[in-house]
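Each chain is listed here by its residues.
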Amino acid sequence: MDQNRNNTLSHKEIMQRYAELVKKFTPKSKLAQGCLRSFWVGGSICVLGQAIADIGAAWLKLTSTAASSLASVSLVFLTALLTGIGVFDRIARYAGAGTVVPITGFANAMVSPAMEFKPEGWVLGTGAKMFTIAGPVLVYGISASVMVGILYHFIRW
């Protein structure tokens, strides 16, 4: 009986051994490196968007609003194209949140599920799954804009 008791570990000893194993097998955090990657890739995407807007305003003689729209549409198109050919996923793995924060994250969120469910068909696969992630965002955005419009209409009176 005493021999069995000597072979059992106390709760404290078990927790101590577990903590040692966790420390041994947990990969080292690369937080600083991840932040720097995210910052420079996200910043580069924003610089590209600003360059497109500036080119639209200077060379194409677009208004500020039209140039900003051109930049948004261009970034969404480029992201969808790069997602479709598999390049954007590699950029996202490298940069982390740097690709999610700008408008490119929204475009990727729409294209990725559509590509994943393409074998299910154009309507039930691509068409339906395209809005899996973006759908709630669109519904909330449209609903909020309608409410703000109604509120603005009554306040303006």
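Whatever comes next refers back to the structure up there.
Let me begin by describing the structure that accompanies this report. Note that this is a predicted model, so its numbers are computed, not measured.

Check the secondary structure of the protein and you find eight helices and zero strands. Ordered by position from N to C terminus, the α and β elements of the protein give α-α-α-α-α-α-α-α. Relative to its full complement of 157 residues, the protein shows a buried share of 20%. Nonlocal contacts in the protein, meaning residues at least 24 apart in sequence, comprise 53% of its contacts between residues at least 6 apart. Summed over its atoms, the accessible surface of the protein is roughly 12,100 Å², and 70% of this surface lies on carbon and sulfur atoms.

Below, the discussion takes up the environment of G56. Of note, G56 is situated in helix α3 (residues 31-58). Sequence separation of G56 and L70 is 14 residues, and the distance between their C-alpha atoms is 7.2 Å. Setting aside residues up to four positions removed in sequence, G56 forms contacts with K61, L62, A67 and L70.

The subject of this paragraph is the environment of L82. Within the secondary structure, L82 is located in helix α4 (residues 64-84). The exposure class assigned to L82 is partly exposed, which follows from its relative accessible area of 27%. L82 has contacts with V87 and F88, leaving out every residue within four places of it along the chain.

Bringing the packing of aromatic side chains into the picture now. Per the counting criterion, the structure on display carries one aromatic pair. Centre to centre, the rings of W40 and Y94 are 6.1 Å apart; their planes meet at 70°, and the pair counts as edge-to-face. Residue W40 is found in helix α3, and its partner Y94 is found in helix α5 (residues 87-95); the two are separated by 54 residues along the sequence. The exposure class assigned to Y94 is partly exposed, which follows from its relative accessible area of 38%.

Here we come to the packing of α3 against α5. Following both chains from N to C, one finds α3 and α5 inclined at 135°, their axes separated by 8 Å at the closest point. Classified by the interaxial angle, the pair formed by α3 and α5 is oblique. In this structure, α3 uses R37, S38, W40 and V41 to contact α5, whose residues at the interface are I91, Y94 and A95.

Basis of the calculations
Along each chain, residue indices are assigned from 1 in the same order as the chain's sequence is written. Per-residue local features are limited, in this predicted model, to residues with pLDDT of at least 70; the limit for side-chain atom pairs, both in listing and counting, is 80 or more; totals at the level of whole chains, interfaces and linings are taken over all residues. Water and hydrogen atoms were dropped before computing side-chain values, which therefore reflect all heavy atoms in the structure. Helix and strand assignments come from DSSP, with helices taken as H or I runs of at least 4 residues and strands as E runs of at least 2, each series counted from the N terminus. Think of it in three bands: with a 1.4 Å probe and only protein chains considered, a residue is buried below 20% of the maximum accessible area for its type, exposed above 50%, and partly exposed in between. By the convention used here, residues are in contact when the closest approach between their heavy atoms is within 4.5 Å. Accessible areas in this description were obtained via Shrake-Rupley with a 1.4 Å probe; residue shielding takes into account the shown protein chains only. Ring pairs are drawn from Phe, Tyr and Trp, using the six-membered ring of Trp, whenever the two centres fall within 6.5 Å, and their geometry is named by plane angle: stacked under 30 degrees, edge-to-face over 60, tilted for the rest. Here an angle of 0 to 180 degrees is reported between the N-to-C directions of two axes, which are lines fitted to C-alpha atoms, with helices fitted over the stretch in contact. Small angles under 35 degrees read as roughly parallel and large ones over 145 as roughly antiparallel, with 65 to 115 read as roughly perpendicular and the rest as oblique.

Function cannot be read off these values alone, since they describe shape.
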